[in-house]
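The primary structure of each chain is shown beneath.
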Amino acid sequence: MPIRQLSETMINQIAAGEVIERPASVVKELVENALDAGATRVEIVTAGGGLNLIRVTDDGSGIPERELALAIARHCTSKLSDDILDIRSLGFRGEALPSIGSVARLSIRSRTAAGDSAAEIGIEGGRVSAVKPAAANRGTTVEVRDLFFATPARLKFMKGERAESSATSDVVKRIAIAFPGVRFTLAGTDRSTLELPATGDDPEGRLQRVAQVMGAEFPDNAIPIDATRDGVHLAGHVSIPSFTRANALQQYAYVNGRPVRDKLIAGAIRGAFADVLPRDRHAVTVLFLSLDPATVDVNVHPAKADVRFRDPGLVRGLIVGAIREALAGAGIRAATTVAAGMMAAFRPGAAPFGHGGPANGHRSYEAAYRASGFAGFEHSPQRPLDMGYGDAQQQGAGFGENDQAAFETGPLHSADARASRGEPAETLLGTALGAARAQVHENYIVAQTRDSLVIVDQHAAHERLVYEALKNALHSRRVPSQMLLLPEIVDLAEEDAERLAMHSETLARFGLGLERFGPGAVAVRETPSILGETNVQQLVRDLADEIADNDTVETLKERLHHIAATMACHGSVRSGRLLKPEEMNALLRQMEATPGSGTCNHGRPTYIELKLADIERLFGRR
């Protein structure tokens, strides 16, 4: 087949295949255009999941009548200067509108502030209609109907109406977080209305917008981030370790105000939380990176979803360091959802008033219950202490020592250890974890603060303390290494060998001694003693891959930390050990002083806190 010039319609349809993947892609492009036009109000209406109708209305600057024809022509834009590296707007390619118009029925109605009337232009399957007068307020309305009618094969790859509507909602929410000063409305026959009122561009306003999108519980369980390194500024919020999700969908990242899904940023977030989260849980984050546009390339993906940093190591190090520093400085905090879950667990099994038997069928309670003679109790619940004893002497016995003895001698477990016979010191009650009052079931420490009850898992808590101590020991000095009897020669690509050689000093600090061994190979002479017998070939190849991806040597650090975590698990206070009062309080004080002690090495919570107000609600006092 001879080489020929493609038609303009075919060119636009090819571009649409890159830019317009689904209805959510159309919404993204149109909303970004509205924001670039300075809109303070954006209204989106959809039908049929966006395949039948998408209408985006804004109150931005509008498009002059004489420029409407250019607006739907390829590579025509008002957002780009002569410097491709100086991109300060969300859009810049000039491909979205002609691409949409090549596969759908598109109409644009716009009016500028200085215009006496509005004008309208349409494009249907690539065929452009003439500009004509119209009636409209200031701003622009873009209407897209019958998406992909000109390319029906694409319709076979669309998901159901609900899935497409959900994808559109996600796009709007992601953009809305970056623009808290703009009011967004998303409505239609295929969805419930989403309204996000404008809040303001200050930090408080940003947090309010985040709460609108992610739920009111996120601000209560979030830590602020604010750090700068070599001209790169990072701001936002991350969740505390005990507030997590089953997937990473609630990890929002922005580069110069642009929503991105970048694997470097995602990897940095995962690395920052590696020590405090289980492998199957994900942190909730909202991070804003601000840097010189010349140091980040946003022109690497047609949909502008990916970016490329000039110095990826700097960006990754900033994210990891800032998050870890924030987690360390936040002190010890329990997620509010933990207490809420505990409250919910209590409520369904609560016995109704006047219940004639034990709640939840607990065997220990049931045995003592029957031994006490309460089974078959038929007296009025309004007089629970009136047991119907025959004489005044028995009534004067108060609660009845015989009945109480059944509980004391039966299978019910009393507190294993009492922390104090008297009142705890006032200073201890004012601390984060309070004063230890008892140890129950040989594993749980019950503590009291001025306004809450705290239950601590002694094994999980001490495991974290030992782990942090081992990590500090690893990083405070050079990791001890063991010399190999014969050097291990690892064959690699020349580029990988060169990268490893460049990081040899850092690797030596962690106990891995290597050097170049001719072209495309390295010789490993020392390995960290703590690793014992290890697969040197696999370790070096993993390090080479990570350096190629992120320019870091985190793989080796993670392996060392894994060994430390295993040692901490086996070397910590075991479940079943009785603790003295001073040991319990000492453990609580160490937890308060240790970063990340709210979760153990496996990501499980080390303590839960139940506020006095919540306890009173359980008992109907509030």
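Numbers given for residues are sequential positions, taken from 1 along each chain in its written order. Only residues with pLDDT of at least 70 are given local features in this predicted model, and only at 80 or more are side-chain atom pairs given and counted; all residues enter the totals for whole chains, interfaces and linings. Where side-chain values are given, they derive from all heavy atoms of the structure, hydrogens and water being excluded.

## Here's the deal with the confidence of the model for the protein chain
Detailed reading of the predicted coordinates is not advisable wherever pLDDT is low.
Stage number 1. The predicted model of the protein chain averages 81 in pLDDT, with 80% of residues at 70 or higher.
Stage number 2. Each residue gets a pLDDT score, which is the predictor's confidence in that residue and runs from 0 to 100. What makes two residues a contact is simply this: any of their non-hydrogen atoms within 4.5 Å. Segment residues 350-414: pLDDT under 50, and 41 contacts once partners within four positions in sequence are set aside and those in other chains are kept.

## Some words on the sheet that holds strand E24 (residues 513-516)
Strand pairing in a sheet takes place through backbone hydrogen bonds and is either antiparallel or parallel in direction.
Stage number 1. Pairing is antiparallel in the open sheet, where 3 strands are placed in the order E23-E25-E24. Lying at the two open borders of the sheet, with one neighbouring strand each, are strand E23 (481-491) and E24. On average, adjacent strands in this sheet sit at an angle of 15° to one another, irrespective of strand direction.
Stage number 2. To get an axis, a line is fitted to the C-alpha atoms, and for a helix only the part in contact is used. The angle between two axes follows their N-to-C directions and goes from 0 to 180 degrees. Numbering of helices and strands runs from the N terminus; a helix is a DSSP stretch of H or I covering at least four residues, while a strand is a stretch of E covering at least two. Those strands touched by helix H17 (residues 494-502) are E24 and strand E25 (521-528), and its axis lies near 130° from that of E24. Two strands are counted as paired when DSSP detects at least two bridges linking them.

## So, H17
For an α-helix, 3.6 residues make a turn, and residues three or four places apart therefore share a direction.
Stage number 1. Here the term buried applies to any residue with accessible area under 20% of the maximum for its type, exposed to any over 50%, and partly exposed to those in between, with areas from a 1.4 Å probe on protein chains only. Looking at H17, one finds that the buried residues are Asp 496, Ala 497 and Leu 500. For H17, the arc enclosing every buried residue in end-on projection is 100°, short of the 170-degree limit, so these residues lie on one face. Facing away from the buried side of H17 by more than 90 degrees, the exposed set consists of Glu 495 and Met 502. Read the arc as the range of directions from the helix axis to the C-beta atoms.

## Considerations on the side chain of Ser 239
Stage number 1. By secondary structure assignment, the location of Ser 239 is in strand E11 (residues 232-239).
Stage number 2. What qualifies as a polar contact is a pair of N or O atoms within 3.5 Å, subject to a donor-acceptor requirement within protein and to the restriction that residues adjacent in sequence count only when both atoms come from side chains. There is a polar contact of 3.0 Å between the side chain of Ser 239 and the backbone oxygen of Phe 243.
Stage number 3. Beyond its immediate sequence surroundings of up to four residues, Ser 239 is in contact with Phe 218, Asn 221, Ala 222, Phe 273, Ala 283, Val 284 and Leu 327.

## What about the pattern of salt bridges?
Stage number 1. Only one rule defines a salt bridge in this text: a Lys or Arg side-chain nitrogen within 4 Å of an Asp or Glu carboxyl oxygen. Across all of its chains, the model carries 24 salt bridges by this definition.
Stage number 2. Note that Arg 245 and Glu 217 form a salt bridge whose closest N and O atoms lie 3.1 Å from each other. Here Arg 245, found in strand E12 (residues 244-245), pairs with Glu 217, found in helix H8 (residues 217-220); they are 28 residues apart in sequence, far enough to count as distant.
Stage number 3. A residue is classified by how much of its surface remains accessible, and Glu 217, at 32% relative accessible area, is partly exposed.
Stage number 4. Across the pair Arg 589 and Glu 592 runs a salt bridge whose closest N-O atoms are separated by 2.9 Å. Residue Arg 589 and its partner Glu 592 are located together in helix H21 (residues 581-593), separated by 3 residues, close to a single helical turn.

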